[in-house]
Amino acid sequence: MILGVVGAIVVGTPKSHEARSVPYPDFLSPALDVACAGKSRDVLVFGNGLDHVRPPDSRRGWWITALAKCRELDHTFPQLTRHDLRHTAASLAVSAGANVKAVQKMLGHASAAMTLDTYADLFDDDLDAVGEALNTARTLSSVGKAWANNDSGNKKTP
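Presented here is a report on the structure given in the accompanying data block. Here the structure is a predicted model, which means the values were calculated and not measured. (Residues numbered from 1 in each chain as written. Predicted model: local features only at pLDDT ≥ 70, side-chain atom pairs only at ≥ 80, totals over all residues. Heavy atoms only, no water.)

### A closer look at the overall build of the chain
In terms of regular secondary structure, the chain is built from six helices and two strands. For the chain, the succession of helices and strands along the chain, N to C, is β-β-α-α-α-α-α-α. Put simply, the chain has 158 residues, and 13% of those count as buried. Within the chain, counting contacts between residues at least 6 apart in sequence, those at least 24 apart form 26% of the total. About 12,500 Å² of surface is accessible on the chain, with carbon and sulfur atoms providing 60% of the total. (Helix = DSSP H or I, 4+ residues; strand = E, 2+ residues; numbered from the N terminus. Buried < 20%, exposed > 50% of the residue type's maximum accessible area, 1.4 Å probe, protein only. Contact = heavy atoms within 4.5 Å. Areas by Shrake-Rupley, 256 points an atom, 1.4 Å probe, with all protein chains shown as cover.)

### Concerning helix H4 (residues 100-107)
Of all the residues in H4, the buried ones are Val100, Val103, Gln104, Met106 and Leu107. Within H4, the buried residues cover an arc of 165 degrees as seen down the axis, which keeps them to one side. Residues Lys101 and Lys105 are exposed on H4 and point more than 90 degrees away from its buried face. Contacts made by the buried residues of H4 are with helix H3 (82-95) and helix H5 (112-118). N-cap assignment for H4: the residue whose side-chain oxygen lies 2.6 Å from the backbone N of Lys101 is Asn99. (Arc of directions from axis to C-beta. Polar contact = N/O pair within 3.5 Å; in protein donor to acceptor, adjacent residues only side chain to side chain.)

### Observations regarding the environment of Asp84
Here Asp84 is to be found in helix H3. We classify Asp84 as partly exposed; its relative accessible area is 26%. Polar side-chain contacts of Asp84 include one of 2.7 Å to the backbone nitrogen of Thr81.

### Some words on a nonpolar patch on the surface
A contiguous nonpolar patch, built from Tyr24, Phe27 and Leu28 and spanning about 340 Å² of accessible area, is present on the exposed surface. Locating Leu28 in the fold gives a position in the loop between strand S2 (8-11) and helix H1 (29-36). Classification of Leu28 by relative accessible area gives partly exposed; the value is 35%. (Patch = residues over 30% accessible without salt bridge, like charges linked within 9 Å, V, L, I, M, F, W, Y side chains within 5 Å. Salt bridge = Lys/Arg side-chain N within 4 Å of Asp/Glu carboxyl O.)

### Some details on the packing of aromatic side chains
The final tally for this structure, using the stated rule, is one aromatic pair. For the pair Trp62 and Trp63, a centre-to-centre distance of 6.1 Å together with 85 degrees between the ring planes defines the contact as edge-to-face. Taking relative accessible area as the criterion, Trp62 reaches 44% and is therefore assigned partly exposed. A relative accessible area of 14% places Trp63 in the buried class. (Phe/Tyr/Trp six-rings, centres within 6.5 Å; stacked < 30°, edge-to-face > 60°.)

### Observations concerning the packing of H3 against H4
Helices that pack against each other are described as a pair by the angle of their axes relative to one another and the distance between those axes. Closest axis-to-axis distance for the H3/H4 pair is 10 Å, and the angle between their directions is 160 degrees. Taken together, the axes of H3 and H4 lie roughly antiparallel to each other. Crossing handedness for the pair H3 and H4: right-handed. When H3 is examined against H4, the residues Arg86, Ala89, Ala90, Ala93 and Val94 are found in contact with a partner set consisting of Val103, Met106 and Leu107. Here the residues of the contact of H3 with H4 sort into seven nonpolar, no polar and one charged. (Axes fitted to C-alpha atoms, helices over the stretch in contact; angles between N-to-C directions. Parallel < 35°, antiparallel > 145°, perpendicular 65-115°, else oblique. Left-handed = near helix turned anticlockwise from the far one by under 90°. Nonpolar A, V, L, I, M, F, W, Y, C, P; charged D, E, K, R; others polar.)

Given below as structure tokens:
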């Protein structure tokens, strides 16, 4: 992993000193295939392949340029930080129903409690989903029992 330390790039593990895997959705694969085409395993994917892409200058760097292009296309595009993208990834994972332990691992949090404390507001709307999930589980359970009870025409009691 690459960490920005006082403007320098340091290659190593994250601050927890534990390796981390970050999943990505399949729809990114074609773009990554193009970015990796013709490159060996020893070459960096982004930039010139040899030098790490530097952290952006907060006034005129690549991040500010990318945000300006987004605002040209959509004047309501919000002001974002790169860290906001991390929160967006967590939000999308939670909204998609990802397991809290999986989100914890993806973000490198020390505990699921830390993930829940940080993203608790994302789970507020999940109370209705819990009720729906319980209803679905009961329905599936009832259907399964009905099928079992109806096997070979003999009615069985649970």
